Amino acid sequence: MKKFEHELNYKATIITPFHNTDIDIFKETFKSVKAQTIGFENIEWVIVLHNCEQKYIDAVKELAAGHENVKLKELKNNSRSASSPRNYGLNFINSPYVEFLDSDDTINEKTIETCIDVMARHKPQVVVFRMAYKKQNESVTSVITDVTLWNPLKEEIVLTGEKLRCKELFSSINLCLLHNRFFDADYIKRNNFKFDEEIIMAEDVHFTLLCYEKAEKIVVLPQFIGHNYFVNSKSAVQNSVRSREVTLKFSYGYKKIFDLLLNMGAYYNHFFITLLNLYVKSAYRSPDFTAEDWATLRREMGPYAKM
């Protein structure tokens with residue numbers, strides 16, 4: 001089986017979903033990608049303009065003008081999550097590796113070069129590194145942290161066999177978020193890994209766990225901070241007031257994540273506690289959550305809480 005149907009023209013691909021992001025913020029994202037030590041021209045950057053207003057489309061086109069490696073793809077649909085544009089972006093990979101970068105985040109200038117070096121030496125399916133955090137303002141709080149259980153004296157830790165289910169991989173480095181991972185693109189293609197577009201919270205966590213489930217090797221970089229995560233007050237996580245209908249939809253995604261962890265035989269306490277806490281807080285703050293809804297939540301999430 002051929003790994004790719006076409007010649008690989010770039011050393012790595014970055015996929016960025018973009019939805020009406022403040023252009024001044026996105027300029028910082030753009031600057032960080034252009035500053036990559038491996039050479040900006042060696043990076044294929046797929047920016048998916050998802051349900052954007054025309055003024056944002058025009059602004060991004062102006063930034064990208066003259067850069068053949070920046071591929072702008074417009075996508076209009078009824079989806080409101082980043083899963084849809086990420087899945088769409090996966091269709092255009094023209095390199096051996098892929099990273100996902102949100103339109104309000106930035107990356108270290110050595111991120112792509114560092115990850116490609118690790119990929120070349122160890123041939124893993126996933127490289128995991130650390131993140132730094134930048135709050136939009138003091139009113140926002142982050143439910144994720146970069147507290148790590150990894151040995152900070154080691155530059156890299158290679159996980160194979162039973163070590164792929166070690167507690168550290170599932171209880172540190174921010175709950176298996178997508179942002180600070182670097183993937184073998186062929187591995188994703190061969191297994192047809194996709195983002196589940198029905199999951200409305202922690203959809204990137206589910207995707208990462210799918211990649212972990214079949215991986216034969218993962219390399220962790222406990223010392224390298226490669227991603228700067230912007231804690232946005234308008235993000236889905238920060239939106240603490242939701243309708244009962246939206247809140248109850250958490251169950252679908254959380255069940256898939258929890259069941260996947262159990263099937264993998266992975267450490268799950270960190271996931272269960274963190275996500276169930278988010279669920280209960282959202283239900284408590286929902287203005288129309290009923291007693292019957294609480295019973296539904298307890299019935300669906302109760303078995304996991306007991307674990």
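See above for the structure.
This structure is a prediction, so every number in the text was calculated from the model and none was measured.

**Notes on the nonpolar core**
By size, the foremost hydrophobic cluster in this structure holds 59 residues, and its most contacted members are Phe170, Leu209 and Tyr212. Each residue touching leucine 209, except ones within four places of it in the same chain, is listed here: Phe170, Cys176, Ile257, Leu260, Leu261, Met264 and Phe271. Counting 34 residues, the second largest nonpolar core, distinct from the first, contains Ile23, Leu49, Leu101 and Val219.

**Digging into helix α3 (residues 83-90)**
Of all eight residues making up α3, seven are buried, and the element is well covered by its neighbours. Along α3, the residues classified as buried are Ser83, Ser84, Pro85, Arg86, Asn87, Gly89 and Leu90. On the buried face of α3, the contacting elements are β1 (12-18), β2 (43-50), β3 (70-75), β4 (97-100), α6 (185-191) and α7 (203-214).

**Thoughts on helix α9 (residues 250-264)**
Along its 15 residues, α9 runs 21 Å from first to last C-alpha, staying within 8% of the 21 Å computed at 1.5 Å per residue. Inspection of α9 places Phe250, Ser251, Gly253, Tyr254, Ile257, Phe258, Leu260, Leu261 and Met264 among the buried residues, and these make up the whole buried set. Turning to α9, the residues buried within the fold contact α5 (167-171), α7, α8 (244-248), α10 (269-285) and α11 (291-306). Glycine 265, located one to two residues past α9, shows a positive phi value of around 70 degrees.

**A word on the packing of aromatic side chains**
Tallied over the full model, the rule gives 24 aromatic pairs. When the centroid spacing of 5.0 Å and the interplanar angle of 45 degrees are considered together, the rings of phenylalanine 30 and tryptophan 45 count as tilted. Here the residue phenylalanine 30 occupies a position in helix α1 (residues 23-34), and tryptophan 45 occupies one in strand β2, the gap between them amounting to 15 residues. On the basis of relative accessibility, which here comes to 0%, the residue tryptophan 45 falls in the buried class. With centroids separated by 5.6 Å and ring planes inclined at 50 degrees, the aromatic side chains of phenylalanine 250 and tyrosine 254 adopt a geometry described as tilted. Placement of both phenylalanine 250 and tyrosine 254 in helix α9 is noted, with a separation of four residues, approximately one turn of the helix. One exposure class covers both phenylalanine 250 and tyrosine 254, and it is buried.

**Brief notes about the pairing of β4**
Residues of β4 alternate between two faces, with Tyr97 and Glu99 on one and Val98 and Phe100 on the opposite face, all of them buried. Alignment of β1 against β4, held across three bridges, turns out to be parallel. When the bridges of β4 are listed, isoleucine 15 appears paired with phenylalanine 100. Bridge analysis of β4 against strand β8 (residues 181-184) gives three bridges, and the strand direction is antiparallel. Along β8, the bridge assignment pairs valine 98 with phenylalanine 183.

**Examining a nonpolar patch on the surface**
Residues Val280, Tyr284 and Trp294 make up a contiguous nonpolar surface patch of about 340 Å² in total accessible area. Residue position: tyrosine 284 is located in helix α10.

**Concerning the packing of α10 against α11**
The contact between α10 and α11 brings their axes to 11 Å, and the two run at 170 degrees. It follows that α10 is roughly antiparallel to α11 by the angle criterion. The residues of α11 that touch α10, namely those facing Phe272, Leu276, Tyr279, Val280, Ala283 and Tyr284, are Trp294, Leu297, Met301, Tyr304 and Ala305. Grouping the constituent residues of the contact of α10 with α11 by class yields eleven nonpolar, no polar and no charged.

Parameters at a glance
Residues numbered from 1 in each chain as written. Predicted model: local features only at pLDDT ≥ 70, side-chain atom pairs only at ≥ 80, totals over all residues. Heavy atoms only, no water. Core = buried A, V, L, I, M, F, W, Y, C linked by side-chain atoms within 4.5 Å. Buried < 20%, exposed > 50% of the residue type's maximum accessible area, 1.4 Å probe, protein only. Contact = heavy atoms within 4.5 Å. Helix = DSSP H or I, 4+ residues; strand = E, 2+ residues; numbered from the N terminus. Expected span 1.5 Å × (residues − 1). Phe/Tyr/Trp six-rings, centres within 6.5 Å; stacked < 30°, edge-to-face > 60°. Pairing = 2+ DSSP bridges. Patch = residues over 30% accessible without salt bridge, like charges linked within 9 Å, V, L, I, M, F, W, Y side chains within 5 Å. Areas by Shrake-Rupley, 256 points an atom, 1.4 Å probe, with all protein chains shown as cover. Salt bridge = Lys/Arg side-chain N within 4 Å of Asp/Glu carboxyl O. Axes fitted to C-alpha atoms, helices over the stretch in contact; angles between N-to-C directions. Parallel < 35°, antiparallel > 145°, perpendicular 65-115°, else oblique. Nonpolar A, V, L, I, M, F, W, Y, C, P; charged D, E, K, R; others polar.

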